[in-house]
Protein chains: 2
Amino acid sequence: MSILFKNAKIMETKDGRLNVLENAFLGVDGDTIDYIGTEKPQKTYDQEKDMYGKLLMPGLNNCHGHTAMNLLRGIGSDLPLMDWLHKMWPIEDRLRPQDCLAGMEMAILEMLACGTTSFCDMYLFPQDICHCIGESGIKANLTRVLMGENEDYKSFFKRNEAIDFRERCNGLYNDRLHVDWSIHAEYTIADNIAQGFAEELPELGGRLHIHLAETKKEQEECIQRRGKTPAKWFYDMGFFNIPCYAAHCVWVTEDDMDLMKEKGVSVVHNPSSNMKLGSGFAPIPRMVEKDLNLALGTDGSASNNNLNMFEELHLASIVHNGYTGDPTIMKPETTIKMATVNGSILQGRPDTGALEKGKKADIIALNLDAPHLVPDYDTLALVTYSAQGSDVCMTMVDGRILYENGQYLTMDRERVFHDYRKSCEYLGKE
Amino acid sequence: MSILFKNAKIMETKDGRLNVLENAFLGVDGDTIDYIGTEKPQKTYDQEKDMYGKLLMPGLNNCHGHTAMNLLRGIGSDLPLMDWLHKMWPIEDRLRPQDCLAGMEMAILEMLACGTTSFCDMYLFPQDICHCIGESGIKANLTRVLMGENEDYKSFFKRNEAIDFRERCNGLYNDRLHVDWSIHAEYTIADNIAQGFAEELPELGGRLHIHLAETKKEQEECIQRRGKTPAKWFYDMGFFNIPCYAAHCVWVTEDDMDLMKEKGVSVVHNPSSNMKLGSGFAPIPRMVEKDLNLALGTDGSASNNNLNMFEELHLASIVHNGYTGDPTIMKPETTIKMATVNGSILQGRPDTGALEKGKKADIIALNLDAPHLVPDYDTLALVTYSAQGSDVCMTMVDGRILYENGQYLTMDRERVFHDYRKSCEYLGKE
């Protein structure tokens, strides 16, 4: 199957820079982009789609979240962090695999509708529910998270589930599913579990998803307890010896950032969550200067409270201006790359994240025929400051259209809502 | 004409507090709400509308902006403030009344589609273009702004236009149009013009729209020049002796806030603009403590870059948590009132801003049947943290539906786009 998009505005990547073509063509053959240009290609495609008034851009990568926490959306809003957690935990204890499946499927509906083509998740029962990645057509890096109890490492069920999950499922669905490792955080893992995991890490390989320096308390208590920052602890334990992506990083120090740069640790910035929970402002402009690989995430819906990457793109583009007093500090090109290609690098998907010949066709279209999107003097600024998630009119992953004009082409919206509402009823009220 | 909304979720106001009714009825007779309750009213209405799965809430009031700056959207994004202004001014000098009309009409299309029922504007040629308020059905407080030249006050054309505009147009269109006064800012008005205006203010009456303490530079230079803050200058000049609303107030001092409280000055918080331009974070939590009347605005599209009040509501609800480190500091009820009833008070419209029997029917509906809006454990939190402007499916002003499901009922969308694109072409390129 091949498709030619024509008459489109196209945000291509050229020599590593974002560049906007007007009235251009983009060809997709199978799962791959095989043409971008302002001349009509010679080749005949199975289908042509007129994209007049629309912008094609790379799909967004939501690089940190807990998808099924959408089931808890709005519970305990506006409580202090510890009170909120204490309200959450007893409900989370009751979550069953079918609830997490319903939550992840609903999250995928939400994400596809606002332009997310790939996500990283850290939550419960991924090994039981990952078939929905196959069915929906989206890409995901899932993890069976390591946290908690001081048990014997080799017989610890979470370790064994994580290893089994990776062995069985990594690379499934034409490599749309990646299975990564996850340590929830420095303060939630028992020392012997951390030690055991660190010892077998060299043979395990793979990628590691962690929470890092989200709150001032986390940073300070680790320094008190261990005499070092959480970042230094992860570094010393050897966890940064495999590709690692660290969510939040609000309170990292200069030295922490240097260690992360040395080891190529990617940072996932979650501006909505960090502000809503009162965690603070991550030193993103400093990380830009240090050339760390920076991506974006929504965090879970319980602390955001949605999965709209256009909001995160917007916030990443303005909050640091406000915080530093410098309106030039975050450029649209920087933040759009955070939302797209940097996330692909983080996920171990160097074959996507940009509209370039030879890349995977993970493409979204924005309908520019809207009062808030005219005129277009600067397309990157328009996408960053003016566009909404709801402007997305098409989401394509690996050359397959999954969402178009309010319709889902691979998922049964009614069935997902039905299952989700049943889980909400089970968990409390809806 | 009377309408009964049925099966709705309704965010009513009861004894001054927001309260959510489930499966409820709301009756509108003419321009007024005449029933709210969970029992079906006895009275027969001309029309019944089933609002199952929808939330009725008060329309939003965008209390500070420069609507026709949408024509300049995206020009000079990411420049330092002064460079940006120097890029803007020569283009603004070329604006004609028809351009400002096209800009205001396009802004009204945008605002109606995301739930704004009333706006305050400070820009050019309001006296020539205000008929679009009549035609569109929206409510507005317009001003012919005083700024600039050191001319004889009584023969100053801006003064005379402002007085003439108010005399001719204040209260037109069933009082949907209010004509207010405006001083652009302390630093942009000649002393003799300010003096002359201050002298005749007692007989002029009305309301006053100003910029105040937007940047640190503005605050500091005024103290240097006049030995007092801009707020103290406005106070001493007597400008706070009529109802006044002050946009931004990022750098106001404790004393400034106390003066404003003493005189009942309303504050318009513009979080997107203040962050994007690097102005900083207004001390909104402190103003909440001092019980100032706080409203919300988008500012112009050139410094936002859109007119989406749901974004401002969201930002006002989270940025101060991040800035203070306290996730409980801004409550959804506080910020929803900022976006609604407080703005009505500011605008001199005590007959609206809340869903209550006897209030004007300025009502919006949100479609809750969306992946990011389930479950609804806390409707105020849902509206504040999860909802999008694009969730608005109906906008009613004075009992008249102006926008519904993507369609404009009073405005010709194609004609407005046509005129707007012509103005964009005239101003540069589109």
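Owing to the predicted nature of the structure, the values given are computational and were not obtained by experimental measurement. (Residues numbered from 1 in each chain as written. Chains lettered and ligands numbered in written order. Predicted model: local features only at pLDDT ≥ 70, side-chain atom pairs only at ≥ 80, totals over all residues.)

This brings us to the interface of chain A and chain B. Contacts between chain A and chain B engage 53 residues on the former and 53 residues on the latter. Mapped onto the side of chain A that touches chain B, the elements with two or more residues apiece are helix H2 (97-113), helix H11 (271-276), helix H13 (309-324), helix H16 (379-386) and helix H17 (413-427) of chain A. The residue inventory of the side of chain A that touches chain B, partitioned by class, reads 24 nonpolar, 20 polar and nine charged. (Contact = placed C-beta atoms within 7 Å. Helix = DSSP H or I, 4+ residues; strand = E, 2+ residues; numbered from the N terminus. Nonpolar A, V, L, I, M, F, W, Y, C, P; charged D, E, K, R; others polar.)

Residue and element names in this part refer to chain B. Neither face of strand S12 (residues 266-269) is open: one carries Ser-266 and Val-268, the other Val-267 and His-269, and all of them are buried. Where strand S11 (residues 244-248) meets S12, three bridges bridge the pair, whose relative direction is parallel. Among the inter-strand pairings, Ala-246 is bridged to a residue of S12, identified as Val-267. With helix H10 (residues 254-263) bridging S11 and the parallel S12, this β-α-β connection has right-handed handedness. Pairing of S12 with strand S13 (residues 294-296) involves three bridges; the strand directions are parallel. Looking at the pairing, Val-267 lines up with Leu-294 of S13. (Buried ≥ 20, exposed ≤ 12 C-beta atoms within 10 Å, placed from the backbone. Pairing = 2+ DSSP bridges. Right-handed = clockwise from strand over helix to strand, strands pointing away.)

This part covers the domain arrangement of chain A. It is common to give the size of an interface as the accessible area that goes away when the parts come together. All names here are of chain A. In terms of domain boundaries, chain A breaks down into domain 1 (2-59 + 352-408) and domain 2 (60-346). Taking only C-alpha atoms into account, the centre of domain 1 sits 28 Å from that of domain 2. Contact residues are listed per partner, giving 25 residues for domain 1 and 30 residues for domain 2. Residue assignment for the side of domain 1 that touches domain 2 shows that the elements contributing at least two residues are H16, strand S15 (392-397) and strand S16 (400-404). Partitioned by chemical class, the residues of the side of domain 1 that touches domain 2 number 14 nonpolar, eight polar and three charged. (Domains from an automatic or database assignment.)

Turning next to H2(A). For H2(A), which comprises 17 residues, the first-to-last C-alpha distance of 24 Å matches the rise-based estimate of 24 Å (1.5 Å per residue) to within 8%. At the exit of H2(A) stands Gly115(A), carrying a positive phi of roughly 90 degrees. (Expected span 1.5 Å × (residues − 1).)

In this section: the relation of the copies chain A and chain B. Rotating chain A by 180 degrees and moving it 0.0 Å along the rotation axis overlays it on chain B with an RMSD of 0.0 Å. In symmetry terms, the pair is related by a two-fold rotation axis. Minimal C-alpha separation from the rotation axis in chain A is found for Ser390(A), amounting to 3.2 Å. In this assembly, 100% of the residues forming the interface of chain A have copies in chain B that are likewise at the interface, indicating an isologous arrangement. (Least-squares fit on C-alpha atoms with pLDDT ≥ 70 in both.)

Attention now moves to H13(A). All names here are of chain A. For H13, which comprises 16 residues, the first-to-last C-alpha distance of 23 Å matches the rise-based estimate of 22 Å (1.5 Å per residue) to within 8%. Approximately 25 degrees is the largest bend angle found in H13, and it occurs at Leu-315. Phi for Gly-325, located one or two positions after H13, is positive at around 75 degrees. (Bend = angle between axes of the 7 residues up to and from the residue.)

Moving on to the environment of Leu292(A). All names here are of chain A. Following the sequence through the fold, Leu-292 ends up in the loop between helix H12 (284-289) and strand S13 (294-296). Taking C-alpha positions, Leu-292 is 9.0 Å from Asp-258, a pair spaced 34 residues apart along the chain. Excluding residues that lie within four positions of it along the chain, Leu-292 makes contacts with Met-257, Met-260, Lys-261, Val-267 and Met-287.

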